[in-house]
Each structure stands twice: as structure tokens, then as C-alpha cells.
Amino acid sequence: MNAEIISSYLPLYGKAFLLTVQIGWIGIALAFLIGVICAFILFFRIPVAEKLVKCYVELFRNTPLLVQLFFIYYGLPAIGIKVGAKVCGAVGLGLLGGSYMTESIRSGLEAVPVIQTESARSLGLNARQLFIAIILPQAFTISVPGIIANVIFLLKETSVFSAISLMDLMFTAKDLIGLYYNTTESLFLLVVFYILMLLPVSIAGSFLEKKTRFKMFGD
Amino acid sequence: MGFEVIFKGKNLIRLLAGLGVAMKISIISALISILLGIVLGMLMALKRPVLGAILRFYLEVVRIMPQMVLLFLVFFGVTKATGANITAETASVIVFSFWGTAEMADLVRGCLAGIPIIQYESSKALGLSRLQIYLYVIIPQIIRRLIPLSINLITRMIKTTSLIMMIGIVEVLKVAQQIIEANRKSDPHAAFGVFAVVFLLYFIACWPISRLSKYLEKKWEN
């Protein structure tokens, strides 16, 4: 391990880190948005949309992100739909994550005990109040562990971005190993930056999970 | 649209053979993971301080390190450090087993922790011996919970092994690229059709397995 090499590589990794984190979080935000919308569609059983959402969820949960990205980045331009690498990365991650988020949020919504809905109704709450004041808070609490697991999973999935020639951490490491053959230093920095990216999220996730847990009713 | 390329010559067979390479690695890794994971999961449930801390550390490493990084560490790092000649296939089996074992161990630990203490106490009150308690009461329940989860792990393994193309193994994505390159002149739209087929192939490989897992989970819910 050579400290000089490491310090000379740092700016390159720093840039790649920012890019990875940026696209990763945009993708996750997109995934959450898609997840909420699709979960509501499933929960309220909106006729045609329900079928479409089910197909989407099955399709994206059962294929790897790498294949999805190849399809979006290399396949779609062949029929005239061109997307840049960054947009492709964020959209790909968002679509993959959306299918996972849908499942987590939907299962949270469905896990709220029927007695809660019935009690609320008998107390005279209307449908809107019932959903906003009774179902949503409890469903969210139940969904939190799943959502956190998905966020960590999606952040890890960002490591395949290099396949669509995004200059992310993996790309930088591979490039530097190929150019200078300083394998040990390159891999060391790669690991350090991924720890930097994921450990805080992992810790914050466990904290959030503990914080929200006590709000569960009857547990 | 580029779907014609698929049926030209041996292209479809080559794609399927490529998928076979990825499948072979995922099945081997999944089997190793399930076996080792059961052992490690039981060790975790013992709650020995030192052993527990080591295993927790192992789980945490796997939890936050992308499989891609682990793949690079083994394929480039270990070979550089030890001078050993590890083929890409061996490296991927090592990495995916390392990852899968942790996942499986966590599932086993979760299942064991999920068995209510009342089950043990009631069995004891009925006069069952320790061996009988495990054999007739605990293990059957755990197996029913574990089988759907392990099947689910196999689909995750299949999806994760698509990464092997990044360390130079010729699998379905690589074959797809080769086919597109070879037909660039005659069919410039081939990329759409070929990648759509790869997408579909993965879906066909994973979907029935995850359906089975969901079906068993529902069926055995008590």
C-alpha cells in the first residue's frame, strides 16, 4: 500500500463518489415515488391500472438491473429512443426500485388490521379521514424496515452503472487498475468509498427502524 | 425491430447457452450458500458472544458491500496479493457463495428466533426429550418457513450472477453484444430485439421460481 498513490487517486474517487451518490439518490427518490403511486393503485384496486402495475412489478422484480440498463441504454436507441447515461442510470434504478418499493408499501397498507378500519368507521370517520389518519400512519410504520432494506439494496445496485459507461466508483477502480496496475490501492479506495456511502445509511436505517417501531399499535 | 437476428443461424441457441453459463454458476453458488447458511444460522442462534460478534461482522460486511465490489476484490485483489491463478468462474462462485451464505444464515437465524418460546415449553411439559423437541416440533416448522425463502434466494442468485459479465465471463449479455456487433451492418436495429429477448429470458428463468416461492409461502402460512 502506497500513501502517495492513494492521495493522488483521491480526487478521482471523490468525483466518482459524488456522481454515484447523486444518481443513486435520484434513482431512489424516483423509486419511492413510483412505489407510492403503484402501491395506492394496488390498494384501491383501480381497474385497468391495477393489471398494468402487477405486470410492471413482476417484470422488474424478476430481471437483473444490469439487463434492464442494457435494454434501456443500448436497446431503446435502436428504435429511436435515446437517453443519456446519467438519465438511464437514474431511470433504470428508479424502475427497478419502484417495483420493490411497491411491494413493501403495499404489504404495509394491507397489514393494517381490519379492526382498525372498522373501529374508525364506527367512530364516524369518513373515507379520507380513515385513510389519512388511521391507515397511512400505521402502514408507513410497518413498511419502514422494508423501505430501508430497499434503499440499501438500491445503493448497492449502483455498482453496475459502470456497464453503461458512467464514470462511477467501479468504473474508476477498473480504469485505474487497467492503467497503472496499482491493484491494492485502487481496491482499497473502492472499499473505503463504498463503506462511506453505505455505512451511514445502514446505521441511520437501524436507528429509524427503532424510532418508528414503538408507534405500532397493539404490539 | 431486430427480432429477426435472434432466429438467424445459431443465435438463439448461443443466447440460451450463455444463460446456461450464468445459471450453472448461480445454482452451484445457491447450493453452497444454502448448506453453509443453515450451519452458520444455527451457530448464530446459539448466542455465543465471540462467535456471535464475528458472524455479525461478516453479515454486516455482506450487507453493505455491493456484490460487484466483492467480485473485484476476489478476482483482482486476491490474485494480486497471493499470486494464485483464480479463474473468473471460480472467483464468481466464491463471491456469490460468500454473499448467499450470509443471506441464508440471516434467514435461518430469523426463522429460529421466530419460533415462539411457548413451543419449546409446551413440548417439554408434554415430556418430550430435547432431541424429540427439535425433531418433531421445531425443525418441521423451520423447514416450512425456510423452503420458500431459500427458493427466493435462488432467484436472487440468478439475478445477481448477471454481474459475471463484468469480470469477463462470456454469458448471455456478452453473447448478446457479440450477436449485435456481428449484425451491425445487416441489421442496425438488432440491439433492441436482442436485449429485449435477454430481458425476457431472465424473466422466464426467474418468474416461475418466485411464483413457486410465493405459492409455498401462502400455502404454509399458519
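Residues numbered from 1 in each chain as written. Chains lettered and ligands numbered in written order. Predicted model: local features only at pLDDT ≥ 70, side-chain atom pairs only at ≥ 80, totals over all residues. Heavy atoms only, no water.

**So, the overall build of chain A**
Thinking step 1. For chain A, the count of helices and strands is 8 helices and 0 strands.
Thinking step 2. Walking chain A from its N terminus toward its C terminus, one meets helices and strands in the order α-α-α-α-α-α-α-α.
Thinking step 3. With respect to the principal axes defined by its C-alpha atoms, chain A has extents near 70 × 45 × 20 Å.
Thinking step 4. Here the analysis covers contacts within chain A between residues at least 6 apart in sequence; of these, 80% occur between residues at least 24 apart.
Thinking step 5. Looking at chain A as shown, the accessible area adds up to about 10700 Å², and 70% of this sits on carbon and sulfur atoms.
Thinking step 6. Side-chain charges in chain A split into 16 positive and 12 negative, and the spacing between the mean points of these groups amounts to 7 Å. (Helix = DSSP H or I, 4+ residues; strand = E, 2+ residues; numbered from the N terminus. Contact = heavy atoms within 4.5 Å. Areas by Shrake-Rupley, 256 points an atom, 1.4 Å probe, with all protein chains shown as cover. Lys, Arg positive; Asp, Glu negative; His and termini not counted. Charge placed at Lys NZ, Arg CZ, Asp CG, Glu CD.)

**Quick look at the interface of chain B and chain A**
Thinking step 1. On the side of chain A, 40 residues touch chain B, which itself brings 37 residues to the contact.
Thinking step 2. Summed over both sides, the interface between chain B and chain A buries roughly 3600 Å², with carbon and sulfur atoms accounting for 74% of that surface.
Thinking step 3. Where chain B touches chain A, the interface holds 2 salt bridges.
Thinking step 4. Put simply, E103 of chain A and K214 of chain B hold a salt bridge, and the shortest N to O gap is 3.8 Å.
Thinking step 5. Put simply, chain B and chain A have 11 residue pairs in polar contact (both at pLDDT 80 or more) between them.
Thinking step 6. Elements that contribute at least two residues to the side of chain B that touches chain A include exactly α2 (49–64), α3 (67–82), α7 (172–182) and α8 (190–219) of chain B.
Thinking step 7. The greatest single-element share of the side of chain B that touches chain A, amounting to 13 residues, is contributed by α8 of chain B.
Thinking step 8. Among the residues making up the side of chain B that touches chain A, the classes are represented as 25 nonpolar, 6 polar and 6 charged. (Buried area = accessible area lost by both parts, 1.4 Å probe. Salt bridge = Lys/Arg side-chain N within 4 Å of Asp/Glu carboxyl O. Polar contact = N/O pair within 3.5 Å; in protein donor to acceptor, adjacent residues only side chain to side chain. Nonpolar A, V, L, I, M, F, W, Y, C, P; charged D, E, K, R; others polar.)

**Observations concerning the pattern of salt bridges**
Thinking step 1. Evaluation of the coordinates by the stated rule reveals 10 salt bridges over all chains.
Thinking step 2. Notably, a salt bridge pairs E58 of chain A with K214 of chain B, separated by 3.7 Å at the nearest N-O pair. Taken as a pair, E58 of chain A in helix α2 (residues 47–61) and K214 of chain B in helix α8 lie in two separate chains rather than in one.
Thinking step 3. Given a relative accessible area of 19%, E58 of chain A falls into the buried group.
Thinking step 4. Between E103 of chain A and R106 of chain A there is a salt bridge, and its shortest N-O distance comes to 3.6 Å. Here R106 of chain A and E103 of chain A lie together in helix α4 (residues 85–111), a separation of 3 residues that amounts to about one turn. (Buried < 20%, exposed > 50% of the residue type's maximum accessible area, 1.4 Å probe, protein only.)

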